[in-house]
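So you can see what is in the structure, the chains are spelled out below.
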Amino acid sequence: MATAGLRFHPAAFFPARLRDAEAKPSRHCSPHRILVARRACLLKAKSSNGHPQINASFGNEVLDGRPSGDGAPDEQGGSTVSITIVGASGDLAKKKIFPALFALYYEDCLPEHFTVFGYARTKMTDEELRNMISRTLTCRIDKRENCGDKMEQFLQRCFYQSGQYNSEEGFAELDRKLKEKEAGRLPNRLFYLSIPPNIFVDVVRSASRTASSSSGWTRFIVEKPFGRDSESSGELTRSLKQYLAEEQIFRIDHYLGKELVENLSVLRFSNLVFEPLWSRNYIRNVQLIFSEDFGTEGRGGYFDNYGIIRDIMQNHLLQILALFAMETPVSFDAEDIRNEKVKVLRSMRQLKLEDVVVGQYKGHTRGGKSYPGYADDPTVAKGSITPTFAAAALFIDNARWDGVPFLMKAGKALHTRRAEIRVQFRRVPGNLYRRSIGPDLDKATNELVLRVQPDEAIYLKINNKVPGLGMRLDRSNLNLLYSERYHGETPDAYERLLLDAIEGERRLFIRSDELDAAWSIFTPVLRELEDKRVAPELYPYGSRGPVGAHYLAANYNVRWGDITGDDS
């Protein structure tokens with residue numbers, strides 16, 4: 001047998017970190033990870049058949065389950081991860097990315113050797129960056145031991161490089177500083193593009209040419225929006241792929257990192273009571289609802305170029321819909337899951353104008369306080385008809401979901417802040433208790449609600465007998481309220497997604513063909529809305545939105561679940 005070149009690494013059977021310390025689960029690491037004492041959330045990698053992967057090498061080629069060129073760990077000096085936030089002086093970096101990195105550091109989920117760099121056009125010293133970051137860092141409510149010490153240790157790993165976004169010289173200087181910090185270890189580099197989409201390609205071109213890792217992996221996290229329609233999205237993808245492989249591009253949708261969205265597959269695939277019901281045979285409609293109780297305050301200029309459909313529905317809500325409706329994947333491998341999501345998106349009908357309602361909030365006075373309308377925002381173009389509210393009815397033409405309306409609703413300046421999935425089941429055939437229920441049998445249908453935010457919860461609405469001698473039915477909730485069941489602060493979505501990107505876990509990131517399929521659903525109706533200059537229906541700031549949304553739902557014999565008066 002020609003096996004002379006085959007070598008098995010001892011670390012495949014006796015990993016160094018696990019030899020030194022007993023591994024233990026962490027509630028802040030995903031189910032695919034374990035937390036070990038020497039500050040690392042290690043990926044518990046499995047092959048597609050569920051068996052552990054084994055590190056082996058043929059000559060100089062290491063087989064460890066990574067894609068070719070993704071950077072296997074160096075056995076001698078170890079590896080290091082350098083995380084560069086491009087656009088470090090912006091709001092997203094200050095409010096979300098730096099705090100998420102610190103939370104991961106506090107929870108011992110980052111690699112032992114890591115460095116954080118900020119890159120932006122703003123002139124700033126390392127110390128000024130640290131002062132800026134320190135104002136937004138907090139420790140978890142339930143874990144405040146050594147909080148000050150941990151912050152100081154984290155800040156000492158943060159550095160800054162100023163430069164133009166299209167400047168190869170600026171990124172070459174960043175590369176020089178990164179090499180100083182990497183100190184001979186195997187360099188792995190992660191770039192987070194917290195910048196406007198019109199400069200994505202400039203940054204990727206400059207960084208990939210002058211600041212890529214020479215021997216480890218290099219990855220780029222790209223924030224939405226990924227274009228404005230199919231054409232611009234495709235052009236962006238083609239431009240990025242001139243400098244990067246698909247495996248290096250991590251398109252982030254932070255909603256996929258939220259706890260309840262992550263729990264969606266657990267609820268469905270690990271509970272026998274739900275999976276048999278998850279089809280057109282038992283489900284009457286599915287509602288995906290997103291509402292904010294504030295307007296565009298300060299973001300009018302950005303928002304006016306995109307509108308609520310592009311900002312929320314085409315990405316956040318559509319991604320949740322795909323996860324909800326997909327078939328059981330072969331495994332939880334990233335490609336298996338993304339393959340199933342793509343199948344769902346390709347099975348969906350293109351959205352038609354008659355299945356869409358758009359609205360825009362107007363000024364309103366409530367409780368003696370005046371709230372400005374969207375058109376009153378000085379950063380919004382005069383006479384803008386950009387929708388701040390939209391409702392839509394979508395359909396999946398496959399055997400599981402044929403004929404089931406998936407209703408989406410998203411809006412700003414509404415009466416409450418919420419994001420939830422509502423699953424309304426069919427009526428009980430020949431219901432024995434119809435006389436006790438009353439004439440409106442729809443009110444007696446079961447409803448499963450997954451509240452993504454705020455106050456994460458899962459509850460099931462059931463019919464129950466009111467105690468007493470008579471036969472009177474009441475609609476009650478079987479309620480799992482996260483804050484009561486799980487004592488501890490829920491990790492932010494950015495923590496999970498940043499950790500996944502560091503570990504090369506692509507399950508919650510969007511693949512290019514997935515993006516193409518998503519845009520193909522919405523692009524025709526977006527163009528029609530703009531070409532025909534469809535005027536949005538006005539609704540008062542702080543209301544439940546335009547009346548047209550109720551007529552849209554009524555077309556499919558549906559009531560919005562969040563306005564029935566008994567929603568929790």
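Residues numbered from 1 in each chain as written. Predicted model: local features only at pLDDT ≥ 70, side-chain atom pairs only at ≥ 80, totals over all residues. Heavy atoms only, no water.

Some points on unusual backbone geometry
Put simply, lysine 224 and proline 225 share a cis peptide bond, and its omega is 5°. Relative to the elements of secondary structure, proline 225 occurs in the loop between strand S10 (218-223) and helix H7 (230-240). A cis amide bond links glutamine 453 to the next residue, proline 454, at an omega of -15°. Looking at the secondary structure, you find proline 454 in the loop between strand S19 (447-453) and strand S20 (457-465). The backbone phi angle of aspartate 108 is positive, close to 60°, even though this residue is not glycine. Here aspartate 108 shows up in the loop between helix H2 (91-106) and strand S7 (114-120). (Helix = DSSP H or I, 4+ residues; strand = E, 2+ residues; numbered from the N terminus.)

Re the packing of aromatic side chains
When we look at a pair of aromatic rings, we describe it by the centre distance and by the angle of the planes. By the definition in use, this model includes 24 aromatic pairs. Relative to tryptophan 401, the ring of phenylalanine 324 has its centre 5.7 Å away and its plane inclined at 40°; by these criteria the two rings are tilted. Taken together, the positions of phenylalanine 324 in helix H10 (residues 307-325) and tryptophan 401 in the loop between strand S16 (389-394) and strand S17 (406-411) put the pair 77 residues apart, joining distant regions of the chain. In this structure, phenylalanine 324 and tryptophan 401 share a single accessibility class: buried. Directly above the aromatic system of tyrosine 105 lies the positively charged group of lysine 150, at a separation of 5.0 Å from the ring centroid. It is arginine 228 that lies over the ring of tyrosine 306; its NZ or CZ is 5.8 Å from the centre. (Phe/Tyr/Trp six-rings, centres within 6.5 Å; stacked < 30°, edge-to-face > 60°. Buried < 20%, exposed > 50% of the residue type's maximum accessible area, 1.4 Å probe, protein only. Lys NZ or Arg CZ within 6 Å of the ring centre and 35° of its normal.)

Notes on the sheet that holds S19
Taken in spatial order, the 9 strands of this open sheet run S21-S20-S19-S18-S12-S17-S16-S13-S22, and their pairing is mixed. Pairing within the sheet leaves two strands with one partner each, and these edge strands are strand S21 (473-481) and strand S22 (537-540). When strand polarity is set aside, the average angle formed by the axes of neighbouring strands in this sheet is 20°. Where S20 meets S21, 9 bridges bridge the pair, whose relative direction is antiparallel. Bridged to alanine 457 within S21 is leucine 481. Against the sheet, helix H8 (residues 259-269) touches strand S18 (418-425), S19 and S20, its axis set at about 145° to S19. (Pairing = 2+ DSSP bridges. Axes fitted to C-alpha atoms, helices over the stretch in contact; angles between N-to-C directions. Contact = heavy atoms within 4.5 Å.)

A short note on the side chain of serine 208
Structurally, serine 208 can be placed in helix H6 (residues 200-210). Within the structure, the side chain of serine 208 is placed 2.6 Å from the backbone oxygen of valine 204, a separation counted as a polar contact. Here the side chain of serine 208 touches arginine 205 through a polar contact of 3.2 Å, landing on its backbone oxygen. Other than its neighbours up to four places away in sequence, serine 208 contacts Val203, Phe220, Tyr243 and Leu244. (Polar contact = N/O pair within 3.5 Å; in protein donor to acceptor, adjacent residues only side chain to side chain.)

Re the pairing of S18
Each regular strand carries side chains that alternate between the two faces of the sheet. For S18, the buried fraction is high: 8 of the 8 residues fall into the buried class. With burial as the criterion, each face of S18 is covered, one bearing Arg418, Glu420, Arg422 and Gln424 and the other bearing Ala419, Ile421, Val423 and Phe425. Of the pairings in the sheet, the one linking S18 to S19 comprises 6 bridges and is antiparallel in character. Within S19, the position partnered with valine 423 by the bridge is leucine 448.

Considerations on the sheet that holds strand S8 (residues 158-162)
Judged by pairing direction, the sheet is parallel, and its 6 strands sit side by side in the order S8-S7-S6-S9-S10-S11 without closing on themselves. Edge positions in the sheet fall to S8 and strand S11 (249-252), since each has one partner strand and no second. Neighbour-to-neighbour, the strand axes of the sheet open up by a mean angle of 20°, direction not taken into account. Pairing between strand S6 (residues 79-86) and S7: 6 bridges, direction parallel. Across the sheet, isoleucine 83 pairs through a bridge with valine 116, a residue of S7. Strand contacts of helix H3 (residues 126-134): S7 and S8, with the helix running at about 120° to S8, the strand carrying the most contacts.

Remarks on H6
Most of H6 is tucked away: 8 of the 11 residues are buried. Every buried residue of H6 is accounted for by Phe200, Val201, Val203, Val204, Ser206, Ala207, Ser208 and Thr210.

Brief notes about the pairing of S10
Among the 6 residues in S10, 6 count as buried, and that is most of the element. When strand S9 (residues 186-193) meets S10, the two strands line up parallel, connected through 5 bridges. Within S10, the position partnered with leucine 193 by the bridge is valine 222. Since S9 and S10 lie parallel, the crossover through H6 that links them has a hand, and here it is right-handed. Pairing analysis gives 4 bridges linking S10 to S11, with the strands arranged parallel. If you follow glutamate 223 over to S11, its bridge partner there is isoleucine 252. (Right-handed = clockwise from strand over helix to strand, strands pointing away.)

Description of the environment of asparagine 339
As for its position among the elements, asparagine 339 is in helix H11 (residues 334-346). Within the structure, the side chain of asparagine 339 is placed 2.9 Å from the side chain of arginine 511, a separation counted as a polar contact.

Focus: the packing of H2 against helix H4 (residues 147-155)
H4 packs onto H2 with a crossing angle of 115° between their chain directions and a minimal axis gap of 10 Å. Relative to H4, H2 is oriented so that their crossing is right-handed. Side by side, H2 and H4 meet where Phe98, Leu101, Phe102, Tyr105 and Tyr106 of the first sit next to Cys147, Lys150, Met151, Gln153 and Phe154 of the second. Its residues assigned to classes, the contact of H2 with H4 comprises 8 nonpolar, 1 polar and 1 charged. (Left-handed = near helix turned anticlockwise from the far one by under 90°. Nonpolar A, V, L, I, M, F, W, Y, C, P; charged D, E, K, R; others polar.)

Topic: the environment of tyrosine 371
Mapped onto the secondary structure, tyrosine 371 falls in strand S15 (residues 369-371). Distance in space between the C-alpha atoms of tyrosine 371 and proline 540 is 9.1 Å, their sequence separation being 169 residues. Dropping the residues within four chain positions of it, tyrosine 371 is found in contact with Gly363, His364, Arg366 and Tyr541.

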